[in-house]
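Residues per chain are reported as follows:
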Amino acid sequence: MNILMLVITTVATDTRVVREASTLADAGHRVHIIGRGVPEDWAPPPGVTVSSVGGASVFQKAGAPVGAERAGRRLPPHMRAARWALLPQHRASAFAAWARAARVDAEARGFDAVHAHDFNTLELGAELARKRGVPLVYDTHELWSGRPRVGRPTPVRAAREAKIEGDLGSRAAAVITVGEGVADALRTRYGWPHVTVVQNTFPSGTAAADVALPAAPEGAVYAGRIAPYREIEAIVGAARRLPGFAVTLVGPADETYLAALDRGPCDVRQALPVDEVDALLRRAGLALVTHSDRWENHRLAMPNKLFHAVRAGVPVVATDVRELARVVREHDLGTLYRPGDAGSLAAAIGEARERYPQLLANVRAAEPLLSWEHDAKILLGVYDALRTGA
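What counts, and where the lines are drawn
- Residues numbered from 1 in each chain as written.
- Predicted model: local features only at pLDDT ≥ 70, side-chain atom pairs only at ≥ 80, totals over all residues.
- Heavy atoms only, no water.
- Phe/Tyr/Trp six-rings, centres within 6.5 Å; stacked < 30°, edge-to-face > 60°.
- Helix = DSSP H or I, 4+ residues; strand = E, 2+ residues; numbered from the N terminus.
- Lys NZ or Arg CZ within 6 Å of the ring centre and 35° of its normal.
- Pairing = 2+ DSSP bridges.
- Right-handed = clockwise from strand over helix to strand, strands pointing away.
- Axes fitted to C-alpha atoms, helices over the stretch in contact; angles between N-to-C directions.
- Parallel < 35°, antiparallel > 145°, perpendicular 65-115°, else oblique.
- Contact = heavy atoms within 4.5 Å.
- Nonpolar A, V, L, I, M, F, W, Y, C, P; charged D, E, K, R; others polar.

**Considering the packing of aromatic side chains**
Alright, step 1. Using the criterion set out here, one finds two aromatic pairs in the structure.
Alright, step 2. For the ring pair Tyr138 and Trp192, a centre distance of 6.3 Å and an interplane angle of 80° mean the geometry is edge-to-face. Here Tyr138 is found in strand S5 (residues 136-140), whereas its partner Trp192 is found in the loop between helix H5 (180-190) and strand S7 (195-197), with 54 residues between them in sequence.
Alright, step 3. The rings of Tyr138, Tyr190 and Trp192 are connected pair by pair, giving a single aromatic cluster.
Alright, step 4. Arg19 extends its terminal NZ or CZ atom over the ring of Phe202, reaching a point 4.3 Å from the ring centre.
Alright, step 5. Above the plane of the ring of Trp372 lies Arg19, whose end atom (NZ or CZ) is 5.8 Å from the centre.

Structure follows, in structure tokens:
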């Protein structure tokens, strides 16, 4: 099949999109991804092609810097208030600009299926699939209606989005999502019988396998976006309670948030390639898999960080939040702490250090079920059913 994927990301750092596209290409499908802001020097996997379109909003020209927040300086109060008020409009404008450009790109291509990643591509994906008479696959990386909302509340827009998602997702040939918690919520909310779970797992093995794990943890690494609602403050608070224990934060940052963050003893680093993060995790010995329980999406989410830790072969210290906690407990992959409680987090790190040999063995035992080799078969099964009409 010729598969057209739509995603409003740079693609290059979107591990789920790249992994799915590569898997489908390896199985003989031809995959083209239309993304946004894709680096010109990025090379997609074999069998996958990529184009990059649009994305500017009426508030910002494409490629323009966004001022003080990007320079690491905190915006003054009146500018922060304006940003809070206008952010929903800015995002809606940016999505609409991308969709206009992506539509032009897509209409010049041949494709037998449309794979729409997340709600912000769903309307365009449904339109393209309908016009060509081809199946639509809706791949929602989170519970869109339950995600954190940054900026002023927009209840009317939120209700409209939920209705659109329910209607268009019902017409999709297949719906894919990241975990059973989100899948159950979609089935309950919209009555969808056609939801399949393809987890955000990683391929088994790691390029950092030659980096020896320590006999006991020498530190803990948070590898993910550095932004609000990620329990970063709790991590900093725990680090203060663990003198001599190295705590590292590595990943792309919300620069406005980072500029105001009291980092304490934490080492903060820019985003690194996946293999380099593997090495960092293995040298430290523990992975921090944290997020808040403020939003429904957080309570249902299955973070990439969990599966990244399994791939690197290290136990986790994770937030005791519904779905994340369920999987950690099911496989005994590490220890849990109360959301927002730095003291609880420090204690959980201490417990993980005491139980380290057993936790290492548990992570190794769980890897076959928590690896991409397992989830790739599920993804290919979805496309086999589309191809055969099953």
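**Examining the pairing of strand S12 (residues 316-319)**
Alright, step 1. By the bridge criterion, three bridges tie strand S11 (residues 285-289) to S12 in an arrangement that is parallel. Residue Ala287 lies in a different strand from S12, and its bridge partner there is Val316.
Alright, step 2. Of the crossover connections in this fold, the one passing from S12 over helix H11 (residues 322-331) to the parallel strand S13 (residues 334-337) is right-handed.

**Describing the packing of helix H12 (residues 342-354) against helix H13 (residues 356-366)**
Alright, step 1. Following both chains from N to C, one finds H12 and H13 inclined at 85°, their axes separated by 5 Å at the closest point. Taken as axis vectors, H12 and H13 run roughly perpendicular relative to one another. For the pair formed by H12 and H13, the contact residues are Ala352, Arg353 and Glu354 on the first element and Tyr356, Pro357 and Leu359 on the second.
Alright, step 2. Broken down by class, the residue content of the contact of H12 with H13 amounts to four nonpolar, no polar and two charged.

**Thoughts on the sheet that holds strand S3 (residues 48-52)**
Alright, step 1. Read across the open sheet, the seven strands follow the order S3-S2-S1-S4-S5-S6-S7; overall the sheet is parallel. Strands at the two margins of the open sheet, each flanked by one partner only, are S3 and S7. Taking each pair of neighbouring strands and ignoring which way they run, the sheet shows an average axis angle of 20°.
Alright, step 2. Across five bridges, strand S1 (residues 2-6) lies against strand S2 (residues 30-35) in parallel orientation. Counterpart to Met5 in the pairing with S2 is Ile33.

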